[in-house]
Amino acid sequence: MSALSSALPDFPWDLLEPAKAIAAAHPDGIVDLSVGTPVDRVPPVVRQALADASDAPGYPLTAGTPRLRAAIAGWLARACGASGELGVLPTIGSKELVAWLPTLLGIGPGDVVVIPSVCYPTYEVGARLAGAEVIRSDSLTALGPDRRVKLLWINSPSNPTGKVLPVEHLRKVVSWARERGVVVASDECYLSLGWESTPVSVLADEVTGGDYTGVLAVHSLSKRSNLAGYRAGFVGGDPALVGELLAVRKHGGMIVPAPVQAAMVAALDDEAHVAAQRERYAARRDTLRSALTKAGFEISHSEAGLYLWATRDEDCWVTVDRLARRGILAAPGAFYGPAAAGHVRIALTATDERVAAAADRLAEPF
Ligand SMILES: Cc1ncc(COP(=O)(O)O)c(C=O)c1O
């Protein structure tokens, strides 16, 4: 037996442990802005729905309850502007789907998965788990006529850069992929967090014209609704592709637990908690952005999403170390691709008190 883990990259967060130990030694405690893990409360309406559905002795439906399927379709129509007939499927989180999508689609050795040059590491992991080759590219022309390409990931707003792909770019990607029979998977888990620009879903009518052939949009309630602990995500798009995912999952499982399905309905049907959470992140973003700028950082992109993508024009590990000595933990750009080694990623996911502490520490001379 060969160890599958040996085909995978080093687990990046383990590499951050030394900097974490330095930051944790700060007399006023660490301000952890590395992992984008929500810290605010789960909305009461969602917790109530989970509790009300907790008497769940039977197996849940892999396809999702009719109520959940309707809630997902309704949300995709409202929030993404998708007016056509969509396939929808709930997923255990979206990390799990990202990691297993190539496998679920039957992609394997000899195939290529294209991922953004700077991106969330799990796209590469998913390709490697399937035994496929990975190409990092943001340019369709650079890919040339490579017939081995089977799946292309896009992520807008991007983790880590906060860059938003404009409608024309999304259109080009979809038509390029359709001409070649390539599946486009668009990870849109930060769609509700546009600051200086409004992110557009790949499912929007302006992009697809209501024809979702070859297109999947991957969504998550982790950031939108502070539900990272519930593991609640979903995919919508090409009914044939979604049907294929369902057909494999009916055999392979990965079924979303029934109480989580009920909680997802409550989360999708309510926008008030999303607006309130946005306000919290907007205030933290303003505080961190101005403190970083005053401390000599340049902020790149970051027009949307849950992070500030910052640089001091030096190696990211030097910046991580400087920040750790002030008790602030940031994620090094190197985690997201070789082209990102001059940046650090600063998450907006800390309490107001910790964000204020970070701003005070950034005011000390660098
Ligand atoms: C771009 C991107 N996709 C997917 C995920 C996974 O989110 P979850 O598994 O909580 O839905 C994350 C988490 O940080 C992310 O940044």
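In what follows, the structure referred to is the one given above.
Residues numbered from 1 in each chain as written. Predicted model: local features only at pLDDT ≥ 70, side-chain atom pairs only at ≥ 80, totals over all residues. Heavy atoms only, no water.

A.B. asks: Got a minute to help me understand the environment of D52 in this structure?
C.D. replies: Within the secondary structure, D52 is located in helix α2 (residues 44–52). On the accessibility criterion, D52 (60% relative accessible area) is exposed. Taking the C-alpha atoms as reference points, D52 and P259, separated by 207 residues in sequence, lie 7.9 Å from one another. (Helix = DSSP H or I, 4+ residues; strand = E, 2+ residues; numbered from the N terminus. Buried < 20%, exposed > 50% of the residue type's maximum accessible area, 1.4 Å probe, protein only.)

A.B. asks: What should I look at first to understand the packing of helix α4 (residues 95–104) against helix α5 (residues 122–129) in this one?
C.D. replies: Relative placement of two packed helices is described by the angle separating their axes and the distance separating the axes. Remark: α4 packs on α5, axes separated minimally by 7 Å, with the N-to-C direction vectors making an angle of 35 degrees. In the packing of α4 onto α5, the handedness of the crossing is right-handed. Counting all contacts with α4, which are made through K95, V98, A99, W100, P102 and T103, the residues of α5 involved are T122, Y123, G126, A127 and L129. Counted by class, the contact of α4 with α5 contains 7 nonpolar, 3 polar and 1 charged residues. (Axes fitted to C-alpha atoms, helices over the stretch in contact; angles between N-to-C directions. Left-handed = near helix turned anticlockwise from the far one by under 90°. Contact = heavy atoms within 4.5 Å. Nonpolar A, V, L, I, M, F, W, Y, C, P; charged D, E, K, R; others polar.)

A.B. asks: Help me understand the packing of aromatic side chains in this model?
C.D. replies: The description of an aromatic ring pair rests on the distance of the ring centres and on the angle between the ring planes. Across all of its chains, the model carries 8 aromatic pairs by this definition. Ring geometry for Y190 against Y307: centres 5.6 Å apart, planes inclined by 75 degrees, an arrangement best described as edge-to-face. In this pair, Y190 sits in the loop between β6 (183–187) and α8 (205–208) while Y307 sits in strand β10 (residues 307–311), placing the two residues 117 residues apart along the sequence. Summarising the burial analysis for this pair, Y190 and Y307 share the class buried. With centroids separated by 6.3 Å and ring planes inclined at 50 degrees, the aromatic side chains of F335 and Y336 adopt a geometry described as tilted. Assigned by exposure class, F335 and Y336 land together as buried. Here R312 stacks its cationic end above the ring of F297, 5.5 Å away from the centre of that ring. (Phe/Tyr/Trp six-rings, centres within 6.5 Å; stacked < 30°, edge-to-face > 60°. Lys NZ or Arg CZ within 6 Å of the ring centre and 35° of its normal.)

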